[in-house]
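Residues per chain, in single letters:
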Amino acid sequence: MKLPIALSNRHIHLSQADIDVLFGEGHELTHFKPLSQPGQFACEEKVDLVGPKGTIKGVRVLGPARPATQVEISLTDGFALGVKAPIRESGDVAGSPGLKLVGPKGEVEIAEGVIVASRHIHMSLEDAEKFGVKDKDIVSVRTSGPRALVFENVLVRASEKFALEMHVDMEEGNAAGVRNGDLVELIK
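Attention here is on the structure that accompanies the text. Keep in mind the model is a prediction, meaning the values are calculated, not measured.

Criteria and thresholds
- Residues numbered from 1 in each chain as written.
- Predicted model: local features only at pLDDT ≥ 70, side-chain atom pairs only at ≥ 80, totals over all residues.
- Heavy atoms only, no water.
- Buried < 20%, exposed > 50% of the residue type's maximum accessible area, 1.4 Å probe, protein only.
- Helix = DSSP H or I, 4+ residues; strand = E, 2+ residues; numbered from the N terminus.
- Pairing = 2+ DSSP bridges.
- Contact = heavy atoms within 4.5 Å.
- Core = buried A, V, L, I, M, F, W, Y, C linked by side-chain atoms within 4.5 Å.

Another aspect to go through is the pairing of strand β11 (residues 120–123). Of the two faces of β11, the one carrying H120 and H122 and the one carrying I121 and M123 are both buried. Note: β11 against strand β14 (residues 165–169), three bridges, orientation antiparallel. Paired with I121 across the strands is M166, a residue of β14.

And the structure:
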């Protein structure tokens, strides 16, 4: 059975408290374009990430605001910043490194929250039933084309809040030669 894949570039989810510091008290995130997951959107707002070794400018903020700030980068970004970001499921930031965020109105030093997002598949409960999987299952996914490969250790995230799509970071997507919207095959 096939499902679409999408490549996720570095981005940041901000708490409202950090939005207030970085962009000004009471600032509301500005919708730039919708994302594939219901209610999620890319914002006009961008921030700079400052690590012990380097800076990455203009990192896009994703909305809406979250309870805690989380920065999602690639392994290569980690080298550039000088942080050893663990590969984790979104939201699992305990013990991860922190860094400085610089916005147009202020700066925030986060003690933790920098991760490399583990590859995962979002799907509705109905899709999970069709694919014969459930939330938190670990599956494999086969790509096609000249750089075809099998992604192992792919986390299934099944919820009525999700739309069907596999997410990998830019490094993984480029290694497999896939583009947004390409179809991949779930194998167990």
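What follows is about the side chain of R157. One can find R157 in strand β13 (residues 150–158). On the basis of relative accessibility, which here comes to 17%, the residue R157 falls in the buried class. Dropping the residues within four chain positions of it, R157 is found in contact with E89, S90, H120, I121, H122, M123, D135 and F162.

We now examine the nonpolar core. Ranked by size, the top nonpolar core spans 24 residues in total, and within it L49, V71, I73 and L101 carry the most contacts. Listed by contribution, the elements that provide at least two residues to this core are β2 (11–15), α1 (16–23), β4 (41–50), β5 (55–66), β8 (99–102), β9 (107–110) and β10 (114–117). The dominant element in this core, judged by the number of residues it contributes, is β4, at four residues. When neighbours within four sequence positions are excluded, L49 is seen to be in contact with G54, T55, I56, V59, V71, I73, L81, L99, K100 and L101. L3, M166, V168 and L186 belong to the second largest nonpolar core, which has 20 residues in total.

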